[in-house]
Amino acid sequence: EVSDRLVAHSARMAGRHLVLLVLLHDAALFAAADKPVSSPTDAREKGAALHLVAERRRAIADLSRRGVLALDVMPDACAVQVVNRYLELKARQRI
């Protein structure tokens, strides 16, 4: 799976580098996972969304355990949050 390969490669790089992986938060995915079920189609969509959300959370937790920093951000706030994280890391003398 793509996320497993990404976790493995990022973890390998984290052995020598400070790795910050920026993940764009998909609001539609999380909305689908929270949507009430009123039909079989809704149930299938919700089940698929819940599975993807769980896999995403698992991958982020795995990244953290392996020393990779992960920043899960909304697309419209990405630039600001990345700069803020950079400044935070710099203030902590991590970079």
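Up top you'll find the structure we're talking about.
Residues numbered from 1 in each chain as written. Predicted model: local features only at pLDDT ≥ 70, side-chain atom pairs only at ≥ 80, totals over all residues. Heavy atoms only, no water.

Asks: Which residues make up the side chain of aspartate 42, and what are the values?
Replies: With respect to the secondary-structure elements, aspartate 42 resides in helix H3 (residues 40–65). Looking at aspartate 42, the relative accessible area reads 13%, which means it is buried. Residues in contact with aspartate 42, not counting those within four places in the same chain, are Lys35, Pro36 and Val37. (Helix = DSSP H or I, 4+ residues; strand = E, 2+ residues; numbered from the N terminus. Buried < 20%, exposed > 50% of the residue type's maximum accessible area, 1.4 Å probe, protein only. Contact = heavy atoms within 4.5 Å.)

Asks: So what's going on with helix H2 (residues 27–34)? Which residues, and what values?
Replies: An α-helix turns once every 3.6 residues. As a result, residues three or four positions apart point the same way. Those residues of H2 not exposed but buried are Leu29, Phe30 and Ala33. Within H2, the buried residues cover an arc of 95° as seen down the axis, which keeps them to one side. The elements touched by buried residues of H2 are H3. By the N-cap criterion, in which a side-chain oxygen at the helix start approaches the backbone nitrogen of a residue two or three places on, H2 is capped by aspartate 26, the distance to alanine 28 being 3.1 Å. (Arc of directions from axis to C-beta. Polar contact = N/O pair within 3.5 Å; in protein donor to acceptor, adjacent residues only side chain to side chain.)

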